[in-house]
Amino acid sequence: PKVVYTYQTLANLASISGAVLANTILPCSALTRLGMGLVTGGAMANLLERYQRGCVTDYLHGVNQKVALLNRRIWNLADMAIFNGAVLSMVGLVL
């Protein structure tokens, strides 16, 4: 488990660094900047919780009776910010 936490922490740090670098160096649209801000904030929230508590607490559980795949999805607000930020960033880069 400690190795997994180390990799997750490094992934969060890389995500924060990449988002900050992209926002400061690359010319991007406002949508891309908003997405990168969400990615950075979500990664920082997960990193802070991992530092304070030793783990990240997932407290949202997707329940959908018609789509069995959604019944197994459990996440937190920071994960949602990272996912939505990545989608917004990609849309901003395409537009």
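For every chain, the first residue of its written sequence is number 1, and the numbers climb from 1 along that sequence. Predicted model: local features are reported for residues with pLDDT of at least 70 only, side-chain atom pairs are reported and counted for 80 or more only, and whole-chain, interface and lining totals are derived from all residues. Note that the side-chain values use all heavy atoms of the structure and ignore hydrogens as well as water.

### Observations regarding the overall build of the protein
- Check the secondary structure of the protein and you find 3 helices and 2 strands.
- In the protein, the succession of helices and strands from N to C terminus is α-α-β-β-α.
- Residue pairs in contact within the protein that sit at least 24 positions apart in sequence constitute 53% of those at least 6 positions apart.
- Calculation of accessible area relied on Shrake-Rupley with a 1.4 Å probe; when residues are assessed, cover is drawn exclusively from the protein chains displayed. Carbon and sulfur atoms provide 71% of the accessible area of the protein, an area that totals close to 6,700 Å². Only DSSP runs of H or I covering at least 4 residues are called helices, and only runs of E covering at least 2 are called strands; the numbering of each starts at the N terminus. We call two residues in contact whenever any of their non-hydrogen atoms come within 4.5 Å of each other.

### A short note on the packing of helix 2 (residues 30-53) against helix 3 (residues 77-94)
- Axes here refer to lines fitted to C-alpha atoms; in helices the fit is confined to the stretch in contact. Angles between the N-to-C directions go from 0 to 180 degrees. Between helix 2 and helix 3, the shortest axis-to-axis distance is 7 Å and the interhelical angle comes to 155°. Regarding the angle of helix 2 to helix 3, the classification is roughly antiparallel. Helix 2 and helix 3 meet at a crossing whose hand is left-handed. Taken together, the residues of helix 3 that come into contact with helix 2 (itself represented by L31, T32, L34, G35, M36, L38, V39, G42, A43, A45 and N46) are A78, D79, A81, I82, G85, A86, L88, S89, V91, G92 and L93.
- By the convention adopted, Pro, Cys, Tyr, Trp, Phe, Met, Ile, Leu, Val and Ala count as nonpolar, Lys, Arg, Asp and Glu as charged, and the other residues, Gly among them, as polar. Partitioning the contact of helix 2 with helix 3 into residue classes produces 14 nonpolar, 7 polar and 1 charged. If an angle is under 35 degrees, it is roughly parallel; if it is over 145, roughly antiparallel; if it lies from 65 to 115, roughly perpendicular; otherwise it is oblique. Each crossing gets its hand from how the near helix is turned against the far one by less than a right angle, where anticlockwise is left-handed and clockwise is right-handed.

### Quick word on the side chain of N76
- Considering the arrangement of structural elements, one finds N76 in the loop between strand 2 (74-75) and helix 3.
- Residue N76 is classed as buried on the basis of its relative accessible area, which comes to 2%.
- Polar contact criterion, stated in full: a pair of N or O atoms within 3.5 Å, where within protein one must be able to donate a hydrogen and the other to accept it, and residues adjacent in sequence count only if both atoms are side-chain atoms. Here the side chain of N76 touches N46 through a polar contact of 3.4 Å, side chain to side chain.
- For N76, the side chain forms a polar contact with the main-chain nitrogen of D79, separated by 2.8 Å. Think of it in three bands: with a 1.4 Å probe and only protein chains considered, a residue is buried below 20% of the maximum accessible area for its type, exposed above 50%, and partly exposed in between.

### A look at a nonpolar patch on the surface
- A contiguous nonpolar surface patch, about 540 Å² in accessible area, is contributed by F83, V87, V91, V94 and L95.
- According to the relative accessible area criterion, V94 is exposed, its value standing at 72%. Patch rule: a residue counts if its relative accessible area is over 30% and it has no salt bridge; like charges are joined within 9 Å, and nonpolar side chains (Val, Leu, Ile, Met, Phe, Trp, Tyr) within 5 Å. We count a salt bridge whenever a side-chain nitrogen from Lys or Arg sits within 4 Å of a carboxyl oxygen from Asp or Glu.

### Focus on the confidence of the model for the protein
- Known as pLDDT, the predictor's confidence for each residue is given on a scale from 0 to 100. On average, the protein scores 77 in pLDDT, and the residues at 70 or more come to 77%.
- Mean pLDDT per element in the protein: strand 1 (residues 60-61) is the minimum at 62, and helix 3 is the maximum at 89.

### Examining helix 2
- For a helix, the expected span equals 1.5 Å multiplied by the number of residues minus one. For helix 2, spanning 24 residues, the distance from its first C-alpha to its last is 34 Å, which sits close to the expected 34 Å at 1.5 Å a residue.
- Where helix 2 is concerned, the buried positions are T32, G35, M36, V39, T40, G42, A43, N46, L47, E49 and R50.
- In the stretch just after helix 2, G54 is the one whose phi turns positive, near 90°.

### Things to note about the side chain of T40
- Mapped onto the secondary structure, T40 falls in helix 2.
- With relative accessibility at 11%, the residue T40 sits in the buried group.
- If sequence neighbours within four positions are ignored, T40 has contacts with I16, A19 and V20.

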